[in-house]
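Examination of the molecular architecture
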Amino acid sequence: MHRQRVIIRTLGVATAVALAATACGPQKAEPAGSASSVPSASAAGSTPETSPSADNKPADASPSASPSPSQSAPEPASPSASPSPAVKAVMANGDESEQVRELQARLKQLKYMTVAPTGFYGSKTTAAVRSFQEKNGLPASGSVDEATWKKIQSLSKKPTADELRPPTVNEVAAPDPRCMTGRVMCISKESRTLAWMIDGKVVSTMDVRFGSENTPTREGQFKVEWKAKDWTSTIYHTPMPYAMFFSQGQAVHYSADFAARGYAGASHGCVNVRDKGKLATLFEQVQVGDKVVVYW
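Reading the values: rules and limits
Residues numbered from 1 in each chain as written. Predicted model: local features only at pLDDT ≥ 70, side-chain atom pairs only at ≥ 80, totals over all residues. Heavy atoms only, no water. Helix = DSSP H or I, 4+ residues; strand = E, 2+ residues; numbered from the N terminus. Buried < 20%, exposed > 50% of the residue type's maximum accessible area, 1.4 Å probe, protein only. Contact = heavy atoms within 4.5 Å. Phe/Tyr/Trp six-rings, centres within 6.5 Å; stacked < 30°, edge-to-face > 60°. Lys NZ or Arg CZ within 6 Å of the ring centre and 35° of its normal. Core = buried A, V, L, I, M, F, W, Y, C linked by side-chain atoms within 4.5 Å. Disulfide = S-S within 2.5 Å. Pairing = 2+ DSSP bridges.

Along the chain, the regular secondary structure elements total eight helices and eleven strands. Residue burial in the chain is summarised as follows: out of 296 residues, 43% are buried. Contacts in the chain between residues far apart in sequence, at least 24 positions, make up 62% of those at least 6 positions apart.

Turning our eyes to something else, we now look at the packing of aromatic side chains. In this structure the tally under the stated criterion is seven aromatic pairs. Pairing Trp-231 with Phe-245 gives two aromatic rings, centres 6.3 Å apart and planes at 80°, and the pair type is edge-to-face. Here Trp-231, found in the loop between strand S7 (226-228) and strand S8 (243-247), pairs with Phe-245, found in strand S8; they are 14 residues apart in sequence, far enough to count as distant. In this structure, Trp-231 and Phe-245 share a single accessibility class: buried. Ring centres 5.2 Å apart and planes at 65° place the aromatic pair Phe-258 and Tyr-263 in the edge-to-face group. The residue whose ring lies beneath Arg-192 is Tyr-263, and the NZ or CZ to ring-centre distance is 3.5 Å.

Here we take up the nonpolar core. By size, the foremost hydrophobic cluster in this structure holds 23 residues, and its most contacted members are Met-185, Ile-187, Met-244, Val-252, Leu-279 and Leu-282. Among the elements that make up this core, the one with the highest residue count is helix H8 (residues 276-285) (four residues). Ignoring any residue separated from it by four or fewer positions in sequence, one finds Leu-279 in contact with Met-206, Pro-241, Tyr-242, Met-244, Val-252, His-253, Tyr-254 and Val-273.

A few words on the state of the cysteines. A complete count under the given rule lists one disulfide for this structure. Here Cys-179 connects covalently by a disulfide to Cys-186, the sulfurs 2.1 Å from one another. In this structure the cystine formed by Cys-179 and Cys-186 twists about its S-S bond by roughly 85°; its chirality is therefore right-handed. With respect to burial, Cys-179 and Cys-186 carry one shared label: buried.

The subject of this paragraph is the pairing of strand S4 (residues 193-198). Counting buried positions over the six residues of S4 gives five, a clear majority of the element. Of the pairings in the sheet, the one linking strand S3 (residues 183-188) to S4 comprises six bridges and is antiparallel in character. Following the sheet pairing, Ile-187 is matched in S4 by Leu-194. In terms of strand pairing, S4 meets strand S5 (residues 201-209) through six bridges, oriented antiparallel. Paired with Ile-198 across the two strands is Lys-201, which belongs to S5. Counted between consecutive antiparallel strands, the loop separating S4 from S5 contains two residues, among which Asp-199 sits at a positive phi close to 55°.

This is the structure we're talking about:
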């Protein structure tokens, strides 16, 4: 508190009002329709894959009733009923591995996927594999067997490090016109990305999330009012490292909650960043007075 009083006394009355509203802490639940909720699959392929929900379990997943004494127990399947090695799946829905990441990068090269590789084999990867199989005369199972994997490898090249782990999971949106001049943190709510731009050129990019419907992140053109490498919310008492304040207590800052839970949560209005290393570099480059543009 002593450190906060010193900063407030130094920055003056106007900033003191902003400091009093440094309310950005993680919210545990995100109301429907919030700005930071996960977009649908139609949102330009910007949504990373997630694990299938429990609602996708087959209807016969529950244990069946025990047979009556008059019913004969079913015979165990013979060994010959198991899949032959020729059609055994190499990768399938629910898998998570570096091989899956490579598969996704190769499918993106071939224009069957638009999202960045995540390493998790979910519904988007299943649909992309099935489409590839259909167009190449292979059994359209949606799972990758040996024949499918060899065909994908033959039609694509070994992914580079940047293809396997691109700068952001989300694809960066076209910059707002206000971002094309000067030094600006260009923040798109639609693509959920922050692009650090100087004179119209993108220097670095990172994934971000926003406030919920009840505590939205303000849109418009602002400027960086002040910075704090180590800061704690004065209302929620949660850490806000590398905070760059731009609008009445709202700031761009690192969020451990975002890093851990992704878009399952939301902020109380701040722009959360989950890549601490990237934000630390950006924090050193951004100056008080630099422009901040938040737009859809």
